[in-house]
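Read off the chains here:
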Amino acid sequence: MIARLSRTALLALSGAILLAAPVEAQYQPPAEDPAATITPESYYHRLYFLASDALRGRDTPSQGLEVAAAYLASEHMRMGLLPGAADGSYYQRWPYRRSTTDAANTALVLNGANGQHAIGAGTPLRGASEAAIDGELHFFANLASPPADGEYAGKVLVTWAPGSFSQPWLQRLNAASNLAEMGGALGSIIVVESGFTTEQMADLAQRFAAGSWRQGEGFAPPQVVIRRDLAEAAIPGFAELAASAESGEALSRTLAGTRLTGTAPPLILVDGNPANVVAILPGSDPVLRHEYLVLSAHYDHVGVGTPMEGDSIYNGADDNASGTVSLLEVARAISAMDTAPRRSIMFVHVSGEEKGLLGARWFVDNPPLPVEMMIANLNSDMIGGDAHRDTLVVIGKDYSTLGPLVDEINDAMPGLRLTTSDDLWPDQRFFFRSDQFHFMRKEIPALFFFTGVHECYHRPCDSVQRLDVDKASRIARLMTHATLAIANQDARPEWDPAGLAEVRELTGGGR
């Protein structure tokens, strides 16, 4: 077993990070294969637990997710890995709330030249403000034009949303809410056709009252939906504004003298605090141990949902118990070596991937150590499918020196019986759709290990029985050798210049 190091020693920064020029070398597998202990049986037993009905699909947040997190932490502790969160534990928790407007304590009034018009009970409301609202109205027609930061500070956006109750129409409401928040507005008012029935308004109010999930401890700015007859009564010239908007005119106009005032306090329905599980295997080189290779996989899934063929538990065996198990197996293999790799290895099991890569975003934006110390990311997601026989799709191979290195390792190990393929679905842009996205946003070179989406994706049939655990265990063995090679080589991985340019364009990132 690798000796434990104190956290102080582990996180002490070296005076300088060693930077070396890339060295061309043929990969030589070690005489005694450290990954030989990774077998279909060892892989299957871990998979069976994580994808069992007892964990009820590992939704974020949920009790099943908490059980999975405790299992991951206990396994890393048993292997001798150090806790990697900033507070000295294995758990990096992040805030994730479901909240709505406290309608019982909401009182909003439209004030202006046409007098005062109270927004009545039963009006659809969402979002919230802990402070009182007093903002001048600003009519906005072009929802495709992002505002500058603070452009609408002190304002309440108003937009005309004709049409029927439909998904595109709801997306228009979402766009208005997003623009209000981006521009620093106090809130937004959506004006719908006068013909919207009482039943339609009640349906929308019920949808809003169910609340929405949001990362962080803040709230989306309040959004209120009113009928056009109220808007015309309260807002001078609204009919002309609506007609101009319908003609395609890109209006952006402050409605001087007309304000929204009152209160719309929050009602927190669930105050979630899910965990990323972080463990560290310290490196052995006195300089390179201050550089970290990050292995990541999300361990959440979508929980319990609509029954299909009598089953309502969406177990997520492939998505992504398969990738989660691969990290555990790599950690077990490497932690049993007599000598640790030169660089340190950080194992990051993120939650909230299914909610929009939220756990990974929180991790890189609130890292337990500087991102400059993270030299590469290998992300594993859905590696148990075998629609393409014995093929691992290594997405991002041509973006950095990581891709050729993994190909070289696989070529040197024919006993794995794997093909490391280029991206089979370039039009799907999978490289920018899993957790590696946020590491790339910080310009950390990354690879995405993947075997493709299948007919059981986000369905109850994504169960242990349909996975090829033999293939998945061989992929975990390849990951072990890739991890060792990256952690031991002199040079840090390097971006291909064109690849980095594309990453910068598509992530809007950079350190």
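Residues numbered from 1 in each chain as written. Predicted model: local features only at pLDDT ≥ 70, side-chain atom pairs only at ≥ 80, totals over all residues. Heavy atoms only, no water.

**Quick word on the overall build of the protein chain**
- Counting secondary structure elements, the protein chain contains 13 helices and 22 strands.
- In terms of overall size, the protein chain behaves like a compact globule, its C-alpha atoms giving a radius of gyration of 26 Å where 511 residues would be expected to give roughly 24 Å.
- With the principal axes as the frame, the protein chain shows a C-alpha extent of 85 × 55 × 40 Å.
- For the protein chain, with 511 residues in total, the buried portion stands at 54%.
- In the protein chain, 85% of the contacts between residues at least 6 apart in sequence involve partners at least 24 apart.
- Per element, the accessible surface of the protein chain, about 20,500 Å² overall, is 52% carbon and sulfur. (Helix = DSSP H or I, 4+ residues; strand = E, 2+ residues; numbered from the N terminus. Rg over C-alpha atoms; globule rule 2.2 N^0.38 Å. Buried < 20%, exposed > 50% of the residue type's maximum accessible area, 1.4 Å probe, protein only. Contact = heavy atoms within 4.5 Å. Areas by Shrake-Rupley, 256 points an atom, 1.4 Å probe, with all protein chains shown as cover.)

**What to know about the packing of aromatic side chains**
- Under the defined criterion, the tally for this structure stands at 17 aromatic pairs.
- Ring geometry for Y399 versus F431: centroids 4.8 Å apart, planes at 50 degrees, classification tilted. With a gap of 32 residues between them, Y399 in the loop between β20 (391–395) and α10 (402–411) and F431 in the loop between β21 (419–421) and α11 (436–441) connect regions that are remote in the sequence.
- Classification of Y399 as buried rests on a relative accessible area of 10%.
- Among the residues examined, F431 registers a relative accessible area of 3% and is labelled buried.
- Taken together, the aromatic side chains of W425, F430, F448 and F450 make up a single cluster linked through ring pairs.
- The ring centre of W160 lies 4.9 Å from the NZ or CZ of R228, which sits over that ring. (Phe/Tyr/Trp six-rings, centres within 6.5 Å; stacked < 30°, edge-to-face > 60°. Lys NZ or Arg CZ within 6 Å of the ring centre and 35° of its normal.)

**A word on the sheet that holds strand β12 (residues 252–264)**
- Taken in spatial order, the eight strands line up as β5-β4-β12-β7-β8-β9-β11-β6 in an open sheet, and their pairing is mixed. The open sheet has two edge strands, β5 (115–118) and β6 (125–126), and neither has a second partner.
- Where strand β8 (residues 155–160) meets strand β9 (residues 187–192), five bridges bridge the pair, whose relative direction is parallel. Bridge pairing in β9 links V158 to I189.
- Along the sheet face, helix α4 (residues 167–182) touches β6, β7 (129–140), β8, β9 and β11 (223–227) and points at about 155 degrees away from the line of β9.
- Here helix α5 (residues 198–209) sits on the sheet in contact with β6, β9 and β11, set at roughly 175 degrees to β11. (Pairing = 2+ DSSP bridges. Axes fitted to C-alpha atoms, helices over the stretch in contact; angles between N-to-C directions.)

**Considering the pairing of β5**
- In terms of strand pairing, strand β4 (residues 107–112) meets β5 through four bridges, oriented antiparallel. If you follow N111 over to β5, its bridge partner there is Q116.
- In textbook terms, the turn of a hairpin is the stretch between consecutive antiparallel strands, and for β4 and β5 this stretch comprises two residues.

**Side note on the state of the cysteines**
- The tally for this structure, following the rule as stated, stands at one disulfide.
- The disulfide that involves C456 links it to C461, with 2.1 Å between the sulfurs. Measuring the twist about the S-S bond at about -115 degrees, one finds the C456-C461 disulfide to be left-handed.
- For C461, a relative accessible area of 31% translates into the label partly exposed. (Disulfide = S-S within 2.5 Å.)

**Structural notes on the layout of surface pockets**
- Here the second largest pocket defines a volume of roughly 520 Å³.
- Lining the second largest pocket are 21 residues, and of these R126, S177, S212, W213 and A220 lie nearest its centre.
- Among the secondary structure elements, those contributing two or more residues to the lining of the second largest pocket are β3 (96–101), α4, α5 and β10 (212–215).
- Element by element, the count of residues in the lining of the second largest pocket is highest for α4, at five residues.
- In the lining of the second largest pocket, the residues fall into seven nonpolar, 10 polar and four charged. (1 Å grid on protein atoms, 1.4 Å probe; cavity = no way out; pocket = protein on both sides within 12 Å on 5 of 7 lines; lining within 4 Å. Points joined across faces, edges and corners; volume = space filled by probe spheres on them. Nonpolar A, V, L, I, M, F, W, Y, C, P; charged D, E, K, R; others polar.)

**A few points about α5**
- Taking 1.5 Å per residue as the helical rise, α5 with its 12 residues ought to reach 16 Å, and the 16 Å between its terminal C-alpha atoms agrees with that figure.
- Among all positions in α5, only M201, L204, A205 and F208 are buried. Looking straight down α5, one finds that the buried residues subtend no more than 100 degrees of arc, so they occupy a single side. Along α5, the residues that are exposed and aim more than 90 degrees away from the buried face are E199 and Q206.
- Elements that come into contact with the buried residues of α5 comprise β3, β6, α4, β9 and β11.
- Downstream of α5 by a residue or two, G211 has a phi angle that is positive, lying close to 85 degrees. (Expected span 1.5 Å × (residues − 1). Arc of directions from axis to C-beta.)

**Topic: unusual backbone geometry**
- For the bond running from T60 to P61, omega is -10 degrees, close enough to zero to count as cis.
- Within the secondary structure, P61 sits in the loop between α2 (40–50) and α3 (63–79).
- The peptide bond linking D319 to N320 adopts the cis configuration, its omega dihedral lying at 0 degrees.
- Among the secondary structure elements, N320 is positioned in helix α8 (residues 317–335).

**A word on α10**
- For α10, the full list of buried residues reads L402, G403, L405, V406, I409 and N410. End-on view of α10: buried residues confined to an arc of 165 degrees, all on one side of the axis.
- Tucked into the core, α10 has its buried residues touching β19 (374–380), β20, β21, β22 (446–450) and α12 (469–488).

**Some remarks on the packing of α2 against α12**
- Interhelical geometry of α2 versus α12 gives an angle of 105 degrees and a closest axis separation of 8 Å. Viewed along their axes, α2 and α12 adopt a mutual orientation that is roughly perpendicular. Two secondary-structure elements touch here, α2 through P40, Y43, Y44 and L47 and α12 through V469, D470, A472 and S473.
- Grouping the constituent residues of the contact of α2 with α12 by class yields six nonpolar, one polar and one charged. (Parallel < 35°, antiparallel > 145°, perpendicular 65-115°, else oblique.)

**A few points about the sheet that holds strand β13 (residues 266–272)**
- The three strands are arranged β10-β3-β13 in an open sheet whose pairing can be described as antiparallel. Only two strands of the sheet have a single partner each, and these edge strands are β10 and β13. On average, each strand axis in the sheet is tilted by 35 degrees relative to the strand beside it, whichever way the strands run.

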